[in-house]
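# Report on the structure
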Amino acid sequence: MPPQRTRTSSTRTSTRTVPIAAPADTVYRLLADAERWPLLLPDPVHVERIDFDGTRERLRTWDLTPGGHIRSHHLQRTLDPRTRTITHTRQDTTRPGTPTTGTWTVHPDGDSRTRLTLHQEHPTEPHPETCPGPGPDAGTDSLLARLTRLAEHHPHLDELLLSFHDTVHLDGPAEVVYDFLHHIRHWPDRTPHIDLADVTEDTPGIQLATLATTGPDGLPTTTRTVRLCFPAATRIVFKELTTPAPIAAHTGEWSLTPHATGTTVTCAQQILLHHPTPTHPHTPDTTAELARTRHHLRTRLGRTTTDTLRLATWRARTAVRRLH
């Protein structure tokens, strides 16, 4: 159904409805689980829940704009699983007083089909030429298309998700370890698997990094990564914008906990895999192939993480010795 639009001097209203070949409860759960959006949807980079009372929640989100910038929002939502509706108010942190409001409505269409409707009221851009790239309709269409694919492949989603963490105790102060992790532009000189790091940080704490790496198999790989750095909390959140096969999406977080004898560093990672294509037309069962892929990625990424942390340990010890 084509979008319906109305416009006033300060707001723009749109309504979009799409059919989805998946049960209504499945669609609603995907919408309600905002903290998994960075892994499941292309634009969200990070979502943090600030408050939740079971019905109303406050979120802070960081999203990638069509122009390649990171924009942060405050998002307030009211969730009603009984009626399968979610109302929201989204406030751009750089444009106070210009919220976008909207309602998601999930309509059952039988037991295995759904009609999903998104109704929104957008603030009208005062100077459209200052906001290059696709308009809100293009972003909405892309979001609805991705939600449709996710919901329709939901029975296989658990097989495609991989979540793990690695924890290392370091004999050094958290500030020194964080400094090592933060200055990713220096990693080509400090870590053997990274050959090149092109990093821009137009906004303090928000890094866009293009990394050229060499894998254990000797093959070169180039990835683009967004990193959100929180020095006061000694945390760095990241999302890869380009990922090598078989990875469809990759998010993670470095977190540091100082204590009396040093620092505990944890790197938590989440992976969404592409669904594998059967290697033979008469062997559609891909469970074994997925299990091998999951094991390989867990081993490889875990080894890379611990190798990086060993280098951080060495630099922390060196820094402490220099201070003494």
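Only a predicted model underlies this, so the values are computations on that prediction, with no experimental measurement involved. Residue numbers restart at each chain and count upward from 1, following the sequence in its written direction. Residues qualify for local features only when their pLDDT is at least 70, as the model is predicted, and side-chain atom pairs are given and counted only at 80 or more; totals for whole chains, interfaces and linings, by contrast, use all residues. To obtain the side-chain values, all non-hydrogen atoms of the structure were included, while hydrogens and water were left out.

## A few points about the overall build of the protein
What counts is decided by this rule: Secondary structure counts use DSSP, requiring at least four H or I residues in a row for a helix and at least two E residues in a row for a strand, with both numbered from the N terminus. Note on definitions: a residue-residue contact is assigned when non-hydrogen atoms from the two residues lie within 4.5 Å. The Shrake-Rupley method, run with a 1.4 Å probe, gives the accessible areas here. Residue values count only the displayed protein chains as cover.
When helices and strands are counted, the protein shows seven helices and 15 strands. Put simply, of all contacts in the protein between residues at least 6 apart along the chain, 49% involve residues at least 24 apart. Taken as a whole, the protein presents about 17,300 Å² of accessible surface, with 54% of it coming from carbon and sulfur.

## Topic: unusual backbone geometry
For the peptide bond that leads from A245 to P246, omega is 10°, which places it in the cis range. In this fold, P246 is placed in the loop between strand 13 (235–240) and strand 14 (247–259). Positioned with a positive phi, R84 is a non-glycine residue whose angle comes to about 55°. Assignment of secondary structure puts R84 in the loop between strand 5 (70–80) and strand 6 (85–92). In this structure, T234 is a non-glycine residue whose phi angle is positive, near 45°. Looking at where T234 falls in the secondary structure, it is placed in the loop between strand 12 (220–230) and strand 13.

## Some points on the nonpolar core
Where we set the bar: Only buried residues count toward a nonpolar core. Its members are Ala, Val, Leu, Ile, Met, Phe, Trp, Tyr and Cys residues joined through side-chain atoms within 4.5 Å. Summary of the burial criterion: residues with accessible area below 20% of their type's maximum are buried, those above 50% are exposed, and those between are partly exposed, where the area comes from a 1.4 Å probe applied to protein chains only.
V27, L31, W104, L116, I271 and L272 are the most contacted members of the largest nonpolar core, which totals 40 residues. Per-element accounting of this core gives the leading share, six residues, to helix 1 (residues 24–32). Ignoring any residue separated from it by four or fewer positions in sequence, one finds W104 in contact with L31, R84, T85, I86, H88, L116, T117, L118, L143, L144 and L147. Judged by nonpolar contacts, the second largest core, of 22 residues, contains L170, C229, W254 and L256.

## Description of the pattern of salt bridges
This is how it is decided: In what follows, salt bridge is the name for a side-chain nitrogen of Lys or Arg lying within 4 Å of a carboxyl oxygen of Asp or Glu.
Here the structure, examined in full by the defined rule, presents 11 salt bridges. Residue R235 pairs with E48 through a salt bridge whose shortest N-O separation is 2.8 Å. Highlighted residues: R235 in strand 13 and E48 in strand 3 (residues 44–52), separated in sequence by 187 residues. Given the relative accessible area of 24%, E48 is considered partly exposed.

## A few points about the sheet that holds strand 11 (residues 206–214)
Counted only if it meets this: Any two strands with at least two DSSP bridges between them are considered paired. Axes here refer to lines fitted to C-alpha atoms; in helices the fit is confined to the stretch in contact. Angles between the N-to-C directions go from 0 to 180 degrees.
Read from one edge of the open sheet, seven strands run 9-15-14-13-12-11-10, paired in antiparallel fashion. Looking at the sheet topology across the chains shown, the edges are occupied by strand 9 (161–170) and strand 10 (194–203). Adjacent strand axes in the sheet meet at a mean angle of 20°, parallel and antiparallel pairs treated alike. Of the pairings in the sheet, the one linking strand 12 to strand 13 comprises six bridges and is antiparallel in character. Its bridge partner being in strand 13, R227 is matched across the sheet by F238. Helix-sheet contacts for helix 5 (residues 174–182) involve strand 9, strand 10, strand 11, strand 12, strand 13, strand 14 and strand 15 (262–273), and the interaxial angle to strand 14 is about 160°.

## Some details on the environment of A249
On the secondary structure map, A249 appears in strand 14. The exposure class of A249 is buried, given its relative accessible area of 6%. Separated by 25 residues in the primary sequence, A249 and H274 have C-alpha atoms spaced 8.6 Å apart. Dropping the residues within four chain positions of it, A249 is found in contact with L39, T243, Q270, I271 and L272.

## Thoughts on the pairing of strand 14
Note: strand 13 against strand 14, six bridges, orientation antiparallel. In the sheet register, K239 faces strand 14, and the bridge partner there is T251. Here strand 13 folds back onto strand 14, and the loop between the two strands holds six residues. Here 12 bridges tie strand 14 to strand 15, and the two strands are oriented antiparallel to one another. Across the sheet, the residue bridging to P258 is T263, located in strand 15. Counted along the chain from strand 14 to the antiparallel partner strand 15, the turn is two residues long.

## Comments concerning the confidence of the model for the protein
Heads up, the rule is: pLDDT is a residue-level measure of predictor confidence that goes from 0 to 100.
Taken residue by residue, the protein gives an average pLDDT of 85. The fraction at 70 or more is 87%. By mean pLDDT, strand 1 (residues 4–7) is the weakest element of the protein at 53, and strand 13 is the strongest at 97. Scored below 50 in pLDDT, residues 126–136 makes six contacts in the model with residues more than four places away or belonging to other chains. Considering only residues more than four positions removed or in separate chains, one finds that residues 320–324, a stretch of pLDDT under 50, has one contact.

## Some thoughts on the side chain of H250
Which entries qualify depends on this criterion: Residues adjacent in sequence count toward polar contacts only when both atoms are side-chain atoms; beyond that, a polar contact is any pair of N or O atoms within 3.5 Å, and within protein one must be able to donate a hydrogen and the other to accept it.
Mapped onto the elements of the fold, H250 is located in strand 14. Among the residues examined, H250 registers a relative accessible area of 4% and is labelled buried. Among the polar contacts made by the side chain of H250, one reaches the side chain of Q269 at a distance of 2.8 Å. Ignoring sequence-local partners within four residues, the contact set of H250 consists of L39, F238, K239, E240, T243, Q269, Q270, I271 and L301.

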